[in-house]
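# Inside the fold
Spelled out, the chains give:
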Amino acid sequence: FETITVGDLAKRMGVKASEVIAQLMGLGVMATVNQALDVDTATLVAADFGYEVEQGMTEEIEIMQLQEQEEGGEEQPRPPVVTVMGHVDHGKTSILDAIRKTDVASGEAGGITQHIGAYHVQASSGGVTFVDTPGHAAFTEMRSRGAQVTDIVVLVVAADDGVMDQTREAIAHAKAAGVPIVVAVNKIDKDNADPERVKRELGEFGLIPEEWGGDTIYCETSAKRNIGIDELLENIQLQAEILELKADPSRKARGTVIEAQLHKGRGPVATVLVQEGTLRVGDYFVAGLYSGKVRSLTNDRGEQVREAGPAMPVEVQGLSGVPSAGDEFVVVKDEKMAKSVSASRQLKARETELASASKVSLDNLFEKI
Ligand code: GTP
Ligand code: MG
């Protein structure tokens, strides 16, 4: 039967041979550039790079891209995606509420954010998409898996509490991701509020306020009294303008799973942040290990929509399983492609699982001896 060398496979996918070798190593296959791979192995590796391997009528191996390059599209300005981070109880959800003029925090169990919500806000000078994080674990998880969803971090620091553990963590995450920070010094309505102290403390992390000659934007807010919220939104938009964010809405959609769960009655549902292209009802897609066809799209206000463009968060129904936060969501050309990529990823996941399980049992064995 037909084989393909590591070097040839890499070339046809437009990646370095060393990257293919590294992926193979992850599958427990030690290979060199000239090594021949069988179709099954090639399929597994190719799926990681977004390619599918097919054996044509002539038995020749064909390498197909998960999403073919589309012609004629044009990049257009897109709304920024803003992640709100900060220490527990410093007012992240309250600030978002004030921005949305709704009241999610009071409806949350114990006032603690239970999930990542993503909301799109239409302001005077344009739209902004906000992601509310329950803690930083989800953000770290997404970033460690290569998913970069956020353009700007809004760092919320309570003026009566100052810089705390998770404030420092958030700064580290934003810096590692290379994302600009806009500071919201919140709870300035409190008697013991000391915004200057917050600036001094954050200054030690290089977040120097503009009035001290630095380039970090600080906004003093009270989510409770609705003070400074409009200024915060304006400053986010100013920061976004500098970034000149663009995306091509004419392409097939590509995005990231923000959250997903098994819903009683509705089956698996995933909140997807569209990053490129436009997602439409009826599209075939791959989301992590799973595939599907978009049965319905629901926006952040619970309305059914036919499509979602760049930077729009949308709830997708029609998945074959529940993907993980941070999984890539890619629209592909047809059902066959969606199913075969999902099948090969599941096979690979099982193999990886088996490999680590057998390693553990071997380790245990040695421990006993
Ligand atoms: P987690 O999601 O649990 O990390 O908290 P959070 O950062 O989202 O804080 P949340 O918005 O839930 O607010 C925590 C508490 O602080 C609530 O009791 C809010 O009412 C209160 N709070 C938020 N903003 C302000 C403010 O500007 N002033 C005052 N006085 N209280 C505020
Ligand atoms: Mg919250």
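This text goes with the structure placed above it.
The text that follows walks through the structure, step by step, so that each part is easy to find. For clarity, every value in this text was computed on a predicted model and none was experimentally measured. (Residues numbered from 1 in each chain as written. Chains lettered and ligands numbered in written order. Predicted model: local features only at pLDDT ≥ 70, side-chain atom pairs only at ≥ 80, totals over all residues. Heavy atoms only, no water.)

## Quick look at helix 7 (residues 195-203)
To keep things clear, this is the line we draw: Using a 1.4 Å probe on the protein chains alone, a residue whose accessible area is under 20% of its type maximum counts as buried, one over 50% counts as exposed, and one in between counts as partly exposed. The numbering of helices and of strands both runs from the N terminus, where a helix is a DSSP run of H or I of at least 4 residues and a strand a run of E of at least 2. Think of the arc as the fan of directions from the helix axis to the C-beta atoms. Every residue pair with non-hydrogen atoms within 4.5 Å of one another is taken to be in contact.
For helix 7, the full list of buried residues reads Pro 195, Val 198, Lys 199, Leu 202 and Gly 203. An end-on view of helix 7 places all buried positions within 135° of arc, on one side of the element. Contact partners of the buried residues in helix 7: strand 9 (152-158), helix 6 (165-177), strand 10 (181-186) and strand 11 (217-220).

## Topic: the environment of Leu 354
If you trace the backbone, Leu 354 turns up in helix 9 (residues 335-368). You can call Leu 354 exposed: its relative accessible area is 60%. For the pair formed by Leu 354 and Lys 11, sequence separation is 343 residues and the distance between their alpha carbons is 30 Å.

## Quick look at the pattern of salt bridges
We count it as follows: Any Lys or Arg side-chain nitrogen found within 4 Å of a carboxyl oxygen on Asp or Glu counts as a salt bridge.
Scanning the model with the defined rule gives 13 salt bridges in all. The shortest N-O distance in the salt bridge between Glu 196 and Lys 199 comes to 3.5 Å. Linking Glu 196 with Lys 199, this pair stays in helix 7, spanning 3 residues, or about one helical turn. Glu 196 sits in the partly exposed class, given a relative accessible area of 36%. On the basis of relative accessibility, which here comes to 4%, the residue Lys 199 falls in the buried class. Note that Arg 301 is salt-bridged to Glu 303, the shortest N-O span being 3.8 Å. Within this structure, Glu 196, Lys 199, Glu 211 and Glu 220 form a network of salt bridges that share partners.

## Some thoughts on the environment of Asp 215
On the secondary structure map, Asp 215 appears in the loop between helix 7 and strand 11. Owing to a relative accessible area of 63%, Asp 215 belongs among the exposed residues under this scheme. For the pair Asp 215 and Val 182, spaced 33 residues apart in sequence, the C-alpha separation works out to 10.0 Å. Once residues within four sequence positions are removed from consideration, Asp 215 is found in contact with Ile 208 and Glu 210.

## Some thoughts on the pairing of strand 14 (residues 267-276)
Short version of the rule: In this description, strands pair whenever DSSP reports at least two bridges between them.
Of all 10 residues that make up strand 14, 8 are buried, and the element is covered over most of its length. Bridge count between strand 13 (residues 254-263) and strand 14: 9 bridges; the pairing is antiparallel. Its bridge partner lying in strand 14, Thr 256 is registered against Leu 273. The antiparallel hairpin formed by strand 13 and strand 14 contains 3 residues in its connecting segment, where Gly 265 sits at a positive phi of about 90°. Alignment of strand 14 against strand 20 (residues 313-319), held across 5 bridges, turns out to be antiparallel. Each bridged residue has a counterpart across the sheet, and for Ala 270 the counterpart in strand 20 is Val 316.

## Re the pairing of strand 7 (residues 117-123)
With 6 of its 7 residues buried, strand 7 lies for the most part within the structure. Examined bridge by bridge, strand 7 and strand 8 (residues 126-132) share 7 bridges and lie antiparallel to one another. Bridged to Val 121 within strand 8 is Val 128. Linking two consecutive strands that pair antiparallel, namely strand 7 and strand 8, is a turn of 2 residues.

## A look at the packing of helix 1 (residues 6-13) against helix 2 (residues 17-26)
Think of two packed helices as two axes; the pair is described by the angle between the axes and how far apart they sit. Heads up, the condition is: Structural elements are reduced to axes, namely lines fitted to C-alpha atoms, with helices fitted over the stretch in contact, and the angle between N-to-C directions of any two is expressed from 0 to 180 degrees. Helix crossings fall into two classes, left-handed where the near helix is turned counterclockwise from the far one by less than a right angle and right-handed where it is turned clockwise.
The N-to-C vectors of helix 1 and helix 2 enclose an angle of 115°; their axes lie 8 Å apart at closest approach. As helix 1 runs across helix 2, the sense of the crossing is right-handed. Two secondary-structure elements touch here, helix 1 through Val 6, Leu 9, Ala 10 and Met 13 and helix 2 through Ala 17, Val 20, Ile 21 and Leu 24.

## Looking at the nonpolar core
So the rule is basically this: Think of a nonpolar core as a cluster: buried Ala, Val, Leu, Ile, Met, Phe, Trp, Tyr and Cys residues, connected wherever their side-chain atoms sit within 4.5 Å.
With 24 residues, the main nonpolar core has Val 82, Ile 95, Ile 99, Phe 130, Val 154, Leu 232 and Ile 236 as its most contacted residues. Listing elements by their share of this core, those giving two or more residues are strand 6 (81-86), helix 4 (92-100), strand 7, strand 8, strand 9, strand 10, strand 11 and helix 8 (229-243). In terms of residue count, the dominant contributor to this core is helix 8 (5 residues). Among the nonpolar cores identified, the runner-up in size contains 19 residues, and Met 13, Ile 21, Ala 42 and Tyr 51 belong to it.

Keep in mind that these numbers describe shape and distance, not what the molecule does.
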